[in-house]
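Take a look at the letters that make up each chain.
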Amino acid sequence: MTNPANGLSVRGDRARIRQSLAALISERAAGDELSFLVDKRGDSAELVITSGDYRPLGAGDGAKDDLGMSVELAQLLFKAQGGSVRLARNPLTRNLRVTARLPLA
């Protein structure tokens, strides 16, 4: 995990943010490694979570590009608090990059 030396305070509901991020993190293959990067981007704090083989809950045979309920809920929650959640997935390797932003306090 990489983060700023002096930390960053964000505006938002701490419990809901923690629940959303925990759900995003849990939707991955067992034993898969995660990488976290926290940084200041303008007037926002940005968290980038990189994971290997992303398999959202309920994603059947992989034919459908299902992002999972956790992602949709996180996007709604972060947007309501002035932030955002974006996903980028490599279709060949299924590596996933989640970028979550919230305004600084």
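Residues numbered from 1 in each chain as written. Predicted model: local features only at pLDDT ≥ 70, side-chain atom pairs only at ≥ 80, totals over all residues. Heavy atoms only, no water.

With respect to helix α1 (residues 14-26)
No. 1: Counted at 1.5 Å a residue, the expected span for α1 with its 13 residues is 18 Å, and the 18 Å between its end C-alpha atoms agrees.
No. 2: Every buried residue of α1 is listed here: Ile 17, Ser 20, Leu 21 and Leu 24. Within α1, the buried residues cover an arc of 95 degrees as seen down the axis, which keeps them to one side.
No. 3: Looking at where α1 begins, the residue whose side-chain oxygen comes 3.2 Å from the main-chain nitrogen of Ala 15 is Asp 13. (Helix = DSSP H or I, 4+ residues; strand = E, 2+ residues; numbered from the N terminus. Expected span 1.5 Å × (residues − 1). Buried < 20%, exposed > 50% of the residue type's maximum accessible area, 1.4 Å probe, protein only. Arc of directions from axis to C-beta. Polar contact = N/O pair within 3.5 Å; in protein donor to acceptor, adjacent residues only side chain to side chain.)

With respect to the side chain of Thr 99
No. 1: Residue placement: Thr 99 occurs in strand β4 (residues 95-103).
No. 2: For Thr 99, the residues in contact, after removing those within four places along its chain, are Glu 46, Leu 47, Val 48, Ser 84, Val 85 and Arg 86. (Contact = heavy atoms within 4.5 Å.)

Some remarks on the side chain of Ser 44
No. 1: Tracing the chain through its elements places Ser 44 in strand β2 (residues 44-53).
No. 2: Taking relative accessible area as the criterion, Ser 44 reaches 12% and is therefore assigned buried.
No. 3: Contact partners of Ser 44, with chain neighbours within four places excluded, come to Asp 39, Leu 102, Pro 103 and Leu 104.

Comments concerning the nonpolar core
No. 1: Counting 15 residues, the largest nonpolar core has Leu 21, Leu 24, Phe 78, Val 85 and Val 98 as its most contacted members.
No. 2: Mapped by element, the contributors of at least two residues to this core are α1, β2, α2 (69-80) and β4.
No. 3: If we skip the residues at most four places from it in the chain, Val 85 touches Leu 24, Ala 74, Gln 75, Phe 78, Val 98, Thr 99 and Ala 100. (Core = buried A, V, L, I, M, F, W, Y, C linked by side-chain atoms within 4.5 Å.)

Details of the pairing of strand β3 (residues 84-89)
No. 1: Bridge count for β3 against β4 is six bridges, and the pairing is antiparallel. Bridge pairing in β4 links Ser 84 to Arg 101.
No. 2: Two successive antiparallel strands, β3 and β4, enclose a turn made up of five residues, where Arg 94 displays a positive phi of approximately 65 degrees. (Pairing = 2+ DSSP bridges.)

Observations concerning α2
Structural remark: α-helix, 3.6 residues per turn; residues separated by three or four positions point the same way.
No. 1: Counted at 1.5 Å a residue, the expected span for α2 with its twelve residues is 16 Å, and the 17 Å between its end C-alpha atoms agrees.
No. 2: Turning to α2, its buried residues are Ser 70, Val 71, Ala 74, Leu 77 and Phe 78. Looking straight down α2, one finds that the buried residues subtend no more than 130 degrees of arc, so they occupy a single side. Of the exposed residues in α2, the ones pointing more than 90 degrees away from its buried face are Met 69, Leu 76, Lys 79 and Ala 80.
No. 3: Contact partners of the buried residues in α2: α1, β3 and β4.
No. 4: Positioned one or two residues after α2, Gly 82 has a phi angle of 85 degrees, which is positive.

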